Amino acid sequence: MTREQYIPFNKEFLLEQQIAAFAEEKQKVDDFKKLFDIIEHYYHYEAFNLNRNLKQNYALFDPDLSVSEREIFLGKSNFSVFKETLLTVLEHGNYRRLDQETLDKSFKDSDLIGLNLSIDFNAFRDYELYVRGHHQAKEKVKKYIFWTKEIEIEYYDRVMIYLNYNDADYLSEKRVKLGKMPIDPGTIALKIFKRVPKNDVETIFPNAVPKMSLKDKLLLWVPGLFGGISLLSAKVIPALINMYDAYETGETIDLLNSKTSLNQGLIALGILSAYCFRQYNNFVNKKIRYSKMLSDSLYFKNLGNNSGAFYSLLNSSEEEVLKETILAYTFLYKNNSPLTAEELDNQIESWFKTKLNTELDFDVTDALLKLKSIGLGVETNGKWEVIPLDKALVQIDELWDGVFDYNK
């Protein structure tokens, strides 16, 4: 399984783990907590500015706003700025984009629903999926009428889908039907979901429509077509021909044999029709199960839509940045000598593996740049160290005080 930069532990837990080494020095423990409390507030202020930037530049494309409301932001919302800011937030939150090869494989495979889904990609100017975190869980799936099988499913912990819809003229030209979706052409939809099966990720597309698989079609049409032709040619049609010939020639019709043959054929056709109906009904039941799963996803797994998704993204982004800062500062602080970025990276990843039984790819570059930007980290000849705790408190307090400097 691919190592991720996402850190699957909350910031309070990681802080307590790091300052445990100073448990006997109460003043130092208190100072560490004060330091990261101020840092957290500073990052929250940065997140607030990002949120304001996102909302301002997204408003023109927000499907939750009416056309008249969106028109107010003509010349004020900038798509390029919005997209760049969104990607920055996703990167800070340790989301990664799913490449097309992974998506294509997911569209072909299915772990839970057992259905082929058709998605009209002409609806979108472009689309992207970003994921963070993963885990495995065992699920029971129905294989046959009386047999269920337990399989292991891989889930993405978080999935954000970005859908940039084409304009009305293009949709009309390609005969794209948006159906009952409350989406205006030319808008951008954002949705965040939790616990999405890796091989069923296409279910979060709003225009995914179930279609019959080749197996479903064969089970429905082959027996129906060949069985129907066989029964008609062997029983029903000969009986009708004999009855018609006898009528034309004036011969006596053998009603008993003709009726028997005709009835047998019609009964067999009835049985065949019942079989075909059963096969079609199986497909309909799959569609019902899919609809149920989709409604569960929307109701229980949906974490945010459109501009409301910004809060979820920014919260996770803010926390990831803080966790990286906590780890980078405390590991450098506890070392007696400066460390290279690679040495620090190895120490932190080794700690996660031995202490928390977790393998991850720590984003040491981003962590060190953050320390440097807030004045806590110093690089000399490729080696990094942090300023002492007492000076760090003064530095971060001055940084926070300088946020709102209205003195003239």
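Okay, so let's go over this structure. (Residues numbered from 1 in each chain as written. Predicted model: local features only at pLDDT ≥ 70, side-chain atom pairs only at ≥ 80, totals over all residues. Heavy atoms only, no water.)

On to the overall build of the chain, then. The helix and strand inventory of the chain stands at 12 helices and 10 strands. When burial is assessed residue by residue, the chain has 41% of its 408 residues classed as buried. At a minimum sequence separation of 6, the contacts of the chain that also span at least 24 residues come to 77%. For the chain, the exposed area adds up to about 23,400 Å²; of that, 53% sits on carbon and sulfur atoms. (Helix = DSSP H or I, 4+ residues; strand = E, 2+ residues; numbered from the N terminus. Buried < 20%, exposed > 50% of the residue type's maximum accessible area, 1.4 Å probe, protein only. Contact = heavy atoms within 4.5 Å. Areas by Shrake-Rupley, 256 points an atom, 1.4 Å probe, with all protein chains shown as cover.)

Strand order across the open sheet formed by 3 strands is 8-10-9, with antiparallel pairing between neighbours. The open sheet terminates on both sides in strands that have one partner only, identified here as strand 8 (339–340) and strand 9 (377–380). (Pairing = 2+ DSSP bridges.)

What follows covers the packing of aromatic side chains. Going through the model one piece at a time under the given rule, you end up with 23 aromatic pairs. Considering the side-chain rings of Tyr58 and Phe310, the 5.4 Å spacing of their centres and the 75 degrees angle between planes classify their relative orientation as edge-to-face. Residue Tyr58 is located in helix 2 (residues 26–58), and its partner Phe310 is located in helix 9 (residues 309–334); the two are separated by 252 residues in the primary sequence. A relative accessible area of 1% means that Tyr58 is categorised as buried. Among the residues examined, Phe310 registers a relative accessible area of 0% and is labelled buried. On the basis of an interplanar angle of 25 degrees and a centroid distance of 5.0 Å, the ring pair of Phe121 and Tyr127 is categorised as stacked. For Phe121, a relative accessible area of 30% gives the class partly exposed. Taken together, Phe9, Phe13, Phe331, Trp351 and Phe352 form an aromatic cluster joined through their ring pairs. Between the NZ or CZ atom of Arg195 and the centre of the ring of Tyr155, over which it lies, the distance is 4.1 Å. Over the face of the ring belonging to Phe331 we find Lys334, whose NZ or CZ atom lies 5.0 Å from the ring centre. (Phe/Tyr/Trp six-rings, centres within 6.5 Å; stacked < 30°, edge-to-face > 60°. Lys NZ or Arg CZ within 6 Å of the ring centre and 35° of its normal.)

Moving on to the pattern of salt bridges. The final tally for this structure, using the stated rule, is 15 salt bridges. Between Lys11 and Glu40 there is a salt bridge; the shortest N-O distance is 3.4 Å. You can see Lys11 sitting in helix 1 (residues 11–19) and its partner Glu40 sitting in helix 2, a full 29 residues away along the chain. A relative accessible area of 13% means that Lys11 is categorised as buried. By relative accessible area, which is 25% here, Glu40 ends up partly exposed. Linking Glu46 and Lys370 is a salt bridge whose minimum nitrogen-to-oxygen distance equals 3.1 Å. Of this pair, Glu46 sits in helix 2 while Lys370 is found in helix 11 (residues 364–373), placing the two residues 324 residues apart along the sequence. Exposure remark for Glu46: the relative accessible area of 27% places this residue in the partly exposed category. (Salt bridge = Lys/Arg side-chain N within 4 Å of Asp/Glu carboxyl O.)

The subject of this paragraph is helix 4 (residues 79–92). In this model helix 4 runs 20 Å from its N-terminal to its C-terminal C-alpha over 14 residues, within 8% of the 20 Å that 1.5 Å per residue would give. All of the buried residues in helix 4 are Phe82, Lys83, Thr85, Leu86, Val89, Leu90 and His92. The N-capping residue of helix 4, defined by a side-chain oxygen 2.9 Å from the backbone nitrogen of Ser80, is Asn78. Remark: Asn94 follows helix 4 within two positions and exhibits a positive phi of approximately 60 degrees. (Expected span 1.5 Å × (residues − 1). Polar contact = N/O pair within 3.5 Å; in protein donor to acceptor, adjacent residues only side chain to side chain.)

What follows covers the nonpolar core. Counting 43 residues, the largest nonpolar core has Leu35, Tyr329 and Phe352 as the members making the most contacts within it. Mapped by element, the contributors of at least two residues to this core are helix 1, helix 2, helix 9, helix 10 (341–356), helix 11, strand 10 (383–386) and helix 12 (389–401). In terms of residues, this core owes the most to one element, helix 9, which gives 8 residues. Among residues more than four places away in sequence, those in contact with Leu35 are Tyr329, Leu376, Leu389, Ala392, Leu393 and Ile396. Counting 25 residues, the second-largest nonpolar core is a separate cluster that includes Leu98, Leu171, Ile183 and Phe205. (Core = buried A, V, L, I, M, F, W, Y, C linked by side-chain atoms within 4.5 Å.)

Take the environment of His41 next. Structurally, His41 can be placed in helix 2. By relative accessible area, His41 is classed as partly exposed at 43%. The sequence separation of His41 and Glu318 amounts to 277 residues, and the corresponding C-alpha distance is 9.9 Å.

A few words now on the environment of Ser80. Within the secondary structure, Ser80 sits in helix 4. Along the primary structure Ser80 and Asn57 are separated by 23 residues, whereas in three dimensions their C-alpha atoms are 8.6 Å apart.

Relative to the assigned elements, Thr325 resides in helix 9. Taking relative accessible area as the criterion, Thr325 reaches 0% and is therefore assigned buried. Sequence-distant contacts of Thr325, defined by excluding residues within four places in its chain, comprise Phe36, Ile39, Tyr43, Lys370, Leu371 and Ile374. A polar atom in the side chain of Thr325 sits 2.8 Å from the backbone oxygen of Val321.

Along strand 5 (residues 188–197), 7 of the 10 residues are buried, which leaves the element largely enclosed by surrounding structure. Bridge count between strand 5 and strand 7 (residues 302–305): 3 bridges; the pairing is antiparallel. Among the inter-strand pairings, Phe193 is bridged to a residue of strand 7, identified as Asn302.

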